[in-house]
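Chain by chain, the residues run as shown.
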Amino acid sequence: MPFFAISPRFFGSLRSTYYDRVMPFDAAARWFIKHQHYLYYPILLMGRFNLYRLAWSYLLDPKQSPRKGSAWWHRYLEMTGQVFFWYWYGYRTLYLSIPTWSSRIAFLFISHMVTAPLHVQLTLSHFAMSSADGGVHESFAQKMVRTTMDVDCPPWLDFIHGGLNYQVVHHLFPRLPRHNLRRAQKYVKEFCEDVGIPYVIFTFTRGNQEVISRLGEVAEQLRVMEECRKVAAKDLIEGHHSH
């Protein structure tokens, strides 16, 4: 939010426990969500800029970034890294190395847009899957498998995906190095077969189709809901005038 909603539950201004804030279902969100299946790829072209925004909002938020305990210094290390990055990329690369402003802006957008497949890959493994809350009685393993999917590809493509095509395995074992994810996938599949949990794995093309389909379904539900609201409001006004 406000760009995407993967479930009608988002229409109620959900509180995100991840971002520790309410995601308002405002006028901007309504417009984006009604067209989200068309805007999916254009918005993800800008995904890297959103990561900058999220990084700084996290570092500057006193409630989120660590300020006490053994990790208090991580915040300042991250800030130092951000300043170094913008000195190297923003000043030395963009400003000093490129002569004109039009070329600088073109380089900025092109260099950021080429990372769009990464953002597609990240959202692919989550957007088409269940977002329902199974409660405290659902096991960690089942929740990870139910809410995430893997992307099927030949071994030589693993490097291009960066290991992100094994989201199920990564969520179950977040510290497992990516060169072992394919080997671990076999054991996760066996586990799912033993306990009867569906293990979802699609090709990259099928995964994209599933995501666009899910976004389109939610957009259509929003359109239907708004049409019903307009009819109800019209009937209310006409009823008031007749009295």
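These remarks concern the structure in this document. Remember, predicted model here, so these are calculated numbers, not experimental data.

Thoughts on helix α4 (residues 72–97)
For α4, which comprises 26 residues, the first-to-last C-alpha distance of 36 Å matches the rise-based estimate of 38 Å (1.5 Å per residue) to within 8%. Along α4, the residues that are buried comprise Arg75, Met79, Gln82, Phe85, Tyr89, Thr93 and Leu94. On its buried face, α4 is in contact with α3 (47–60) and α5 (101–113).

A few points about the state of the cysteines
Tallied over the entire structure, the rule returns zero disulfides. Of all cysteine sulfurs, the one in Cys153 lies closest to Cys192, which takes part in no disulfide; the gap is 18 Å. Judged by relative accessible area, which is 2%, Cys192 ranks as buried.

A few points about a nonpolar patch on the surface
Side chains of Phe84, Tyr87, Trp88, Tyr91, Tyr95, Leu96, Trp101, Ile105 and Phe109 sit close together on the surface and give an oily, nonpolar patch of about 1000 Å² of accessible area. Ranked by residues supplied to the nonpolar patch, first place goes to α4 with six residues. Looking at Phe109, the relative accessible area reads 32%, which means it is partly exposed.

Some details on the packing of aromatic side chains
This structure, assessed with the given rule, holds 21 aromatic pairs. For the pair Trp31 and Phe32, a centre-to-centre distance of 5.3 Å together with 85° between the ring planes defines the contact as edge-to-face. On the numbers, 6.4 Å between centres and 80° between planes, the contact of Phe49 with Tyr52 is edge-to-face. Of this pair, Phe49 and Tyr52 are both found in helix α3, three residues apart, which corresponds to roughly one turn of the helix. You can call Phe49 partly exposed: its relative accessible area is 25%. You can call Tyr52 buried: its relative accessible area is 16%. Ring-pair connections join several aromatic residues into one group, and the members of that group are Phe49, Tyr52, Phe85, Trp86, Trp88, Tyr89, Phe107 and Phe109. Directly above the aromatic system of Phe25 lies the positively charged group of Arg30, at a separation of 5.6 Å from the ring centroid.

Brief notes about the packing of α4 against α5
In helix packing, the relevant descriptors are the interaxial angle and the interaxial distance, both defined with respect to the helix axes. Running from N to C, α4 and α5 cross one another at 135°; their axes reach a closest spacing of 9 Å. Taken together, the axes of α4 and α5 are oblique relative to one another. The element α4 and its partner α5 pack so that their crossing is right-handed. Mapping the contact onto sequence places Tyr89, Thr93, Leu94 and Tyr95 in α4 and Trp101, Arg104, Phe107, Leu108, Ser111 and His112 in α5. Split into classes, the residues belonging to the contact of α4 with α5 amount to six nonpolar, three polar and one charged.

Remarks on the pattern of salt bridges
A complete count under the given rule lists seven salt bridges for this structure. When the shortest N-O distance is used, the salt bridge between Glu220 and Arg223 registers 3.0 Å. Taken as a pair, Glu220 and Arg223 lie in helix α11 (residues 204–242) at a separation of three residues, close to a single helical turn. Given the relative accessible area of 39%, Glu220 is considered partly exposed. A salt bridge links Glu227 to Lys230, with the shortest nitrogen-to-oxygen separation between them at 4.0 Å. Of the two residues, Glu227 and Lys230 are both situated in helix α11; the distance of three residues between them amounts to about one turn of the helix. Overall, the relative accessible area of 53% leaves Lys230 in the exposed class. Via salt bridges that share partners, Arg30, Lys34 and Glu226 belong to a single interconnected network.

Basis of the calculations
Residues numbered from 1 in each chain as written. Predicted model: local features only at pLDDT ≥ 70, side-chain atom pairs only at ≥ 80, totals over all residues. Heavy atoms only, no water. Helix = DSSP H or I, 4+ residues; strand = E, 2+ residues; numbered from the N terminus. Expected span 1.5 Å × (residues − 1). Buried < 20%, exposed > 50% of the residue type's maximum accessible area, 1.4 Å probe, protein only. Contact = heavy atoms within 4.5 Å. Disulfide = S-S within 2.5 Å. Patch = residues over 30% accessible without salt bridge, like charges linked within 9 Å, V, L, I, M, F, W, Y side chains within 5 Å. Areas by Shrake-Rupley, 256 points an atom, 1.4 Å probe, with all protein chains shown as cover. Salt bridge = Lys/Arg side-chain N within 4 Å of Asp/Glu carboxyl O. Phe/Tyr/Trp six-rings, centres within 6.5 Å; stacked < 30°, edge-to-face > 60°. Lys NZ or Arg CZ within 6 Å of the ring centre and 35° of its normal. Axes fitted to C-alpha atoms, helices over the stretch in contact; angles between N-to-C directions. Parallel < 35°, antiparallel > 145°, perpendicular 65-115°, else oblique. Left-handed = near helix turned anticlockwise from the far one by under 90°. Nonpolar A, V, L, I, M, F, W, Y, C, P; charged D, E, K, R; others polar.

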